[in-house]
Amino acid sequence: MPSFSFTAPIITAEQEWQEWNSMTPEERELIQKDIRGQTSEDGAEETPSTSHQPLDSNNIYATSDDINNETFQQALLEIADKEKKELLHAMEVAPHLVAMESNPMTYMRRLSPMVAAYRIAQYWKHRRRLFGDARAFLPMTLDGAMEDIFSCLEKGFLNVLPKDPSGRAVIFFDRIRAIPAVASRDSVLRVIFYILQKVAMQDEVISNGFVFMENIAGYDLYTHFDRLLMKTQMLLLRECFPAELKVFHVFAGSCGAWAMDLIMPVIKQLAGKRIRLRMVCHSGHESVESFCKTYNFRPEHLSVIVGGGYTYANHVSWMDMEYAREQEEQSRQRERDGLDPTFPTSSASDDEEKSRSPSRRRSSKDRRLPNASLPDASFCTARKISLSGTPRAA
């Protein structure tokens, strides 16, 4: 069982202050716009110096001259062999997946060839480690790489919420329910990887970025602290996908002071500079209305866990729609390949194939989390939860 170490590396308040003061006024203003959910007037991205990239590159962003395969191949040659061995292996055993699910042209829509090559190499490094050879080279779909851990996604500790008014995707992670009794560390990380695959590869999200929200209200050191999970989570958010994280909201709730003093310095150290500068911690009794006004959200962009309007039923609907979209895309791909688009992709019978849909697979209440962990419709209508994670009157 992971345990909290009081000697774990941390970032101090003084170091954070020094990082902030090292930024130019223009850089600080762009970060503040990201945090407040405001689109910059000229549409410019943040400057390269604010980005956490382990590369010696003068510019992480692409120009029109960069968008071709030759420049990507040249950049790939500069990546150390040990960093790209999983990508090279994937190019040998599943080149179609590399082209479809980590297309260099998708990454180079906004990243320089060097950074795109690095991120794709990291993408395949983590994909192979998390899913293993048996699943890493299957399509990243609910009946492909995710089939054996579908039940973890079904439990609803990670949600894709509606896009915010700035067109940014919104992901909510209830860390309190993502415990070993519910899902193993690697299963949680696989769900995060899958969600990012579905969100951070969208054209609109690549252009506008995404928001990550994490609930730690009720955090227990012995139950929830897992440094390796946190480290890998941050690497996935930071270094594997083409879309950029614009702001990271942490809801500490009533655990408040000690969580800020013990947990947040560790999380911030693992986050890296770019995410750390965009991390906002919420404790106390901030109202939903105040939060939405300050950070340009609407209640539907918040989970019911923190007082918003997004419920478990919405999560189920998202899974159903995603499953249907994946099936449609697989049919189109088969048609492009000159195969029968209606031919089943597995040996399952028609009835078995229909039962794969999330709503069918979730028909038994025994598949759900206990009511104490999973907010159902009656819970959502009976009371509201403030951003502090404590009940308040409806």
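Above this text is the structure in question.
If you're wondering where the values come from, they're calculated on a predicted model, not measured in any experiment.

Observations regarding the overall build of the protein chain
What the protein chain contains, in helices and strands, is 18 helices and seven strands. Split into buried and exposed, the 394 residues of the protein chain put 53% on the buried side. When contacts within the protein chain are restricted to residue pairs at least 6 apart in sequence, those whose partners lie at least 24 apart make up 76%. In the structure as shown, the protein chain presents an accessible area of about 17700 Å², 51% of it carried by carbon and sulfur atoms.

Remarks on the nonpolar core
One finds F157 and I195 to be the most contacted residues of the largest nonpolar core, which totals 110 residues. At 12 residues, helix α7 (residues 113-136) tops the list of elements feeding residues into this core. With residues up to four places along the chain from it excluded, the contact list for I195 reads L153, L158, V160, I171 and W318.

What to know about the packing of aromatic side chains
With the rule as written, the count across this model stands at 13 aromatic pairs. Seen from their ring centres, Y123 and F241 are 5.5 Å apart, and the 85 degrees between their planes marks the pair as edge-to-face. Here F241 lies in the loop between α12 (227-239) and β4 (245-253) and Y123 lies in helix α7, a separation of 118 residues in the sequence. Here Y123 and F241 have matching classes, each one buried. Put simply, the rings of Y123, W124, F131, F137, F193 and F241 pair up and form one aromatic cluster.

Some points on the packing of helix α9 (residues 185-199) against α12
Packing of α9 against α12 brings their axes to within 10 Å, and their N-to-C directions diverge by 15 degrees. Judged by the inter-axis angle, α9 sits roughly parallel to α12. Read as a crossing pair, α9 and α12 show a hand that is right-handed. Along its contact with α9, which presents R185, V188, L189, I192, F193 and L196, the element α12 presents L228, L229, T232, Q233, L236 and L237.

Comments concerning the sheet that holds β4
With mixed pairing, the five strands of this open sheet are ordered in space as β1-β2-β3-β4-β5. The open sheet is flanked by β1 (158-161) and β5 (279-283), the only strands paired with a single partner. Here the average twist between neighbouring strands, direction ignored, is 20 degrees. Sheet analysis places strand β3 (residues 210-215) next to β4, joined by six bridges and oriented parallel. Residue pairing in the sheet places F210 in a bridge with L245 of β4. Running at roughly 165 degrees to β3, α12 makes contact with β2 (169-174), β3, β4 and β5 of the sheet.

What counts, and where the lines are drawn
The written sequence of each chain sets the order in which its residues are numbered from 1. Predicted model: local features are reported for residues with pLDDT of at least 70 only, side-chain atom pairs are reported and counted for 80 or more only, and whole-chain, interface and lining totals are derived from all residues. Only hydrogens and water are removed before side-chain values are computed, so all heavy atoms of the structure are retained for them. The way it works is that DSSP assigns letters per residue, a run of H or I at least four long becomes a helix, a run of E at least two long becomes a strand, and they are numbered from the N terminus. For the exposure calls, accessible area comes from a 1.4 Å probe over protein chains only, and a residue counts as buried if that area is under 20% of its type's maximum, exposed if over 50%, partly exposed in between. Between two residues, a contact is recorded if the distance between any of their heavy atoms is within 4.5 Å. Note on areas: these come from Shrake-Rupley sampling with a 1.4 Å probe, and a residue is covered only by the protein chains present in the view. Put simply, buried Ala, Val, Leu, Ile, Met, Phe, Trp, Tyr and Cys residues joined by side-chain atoms within 4.5 Å make one nonpolar core. Paired rings are identified among Phe, Tyr and Trp, the last through its six-membered ring, by centres lying within 6.5 Å, and are further divided according to the angle between planes into stacked (under 30 degrees), edge-to-face (over 60) and tilted (the rest). Each axis is a line fitted through C-alpha atoms, and for a helix only the stretch in contact is used; angles between axes span 0 to 180 degrees, taken between their N-to-C directions. With respect to orientation, any angle under 35 degrees is reported as roughly parallel, any angle over 145 as roughly antiparallel, any angle of 65 to 115 as roughly perpendicular, and every other angle as oblique. Helix crossings fall into two classes, left-handed where the near helix is turned counterclockwise from the far one by less than a right angle and right-handed where it is turned clockwise. The criterion for strand pairing is that DSSP finds at least two bridges linking the strands in question.

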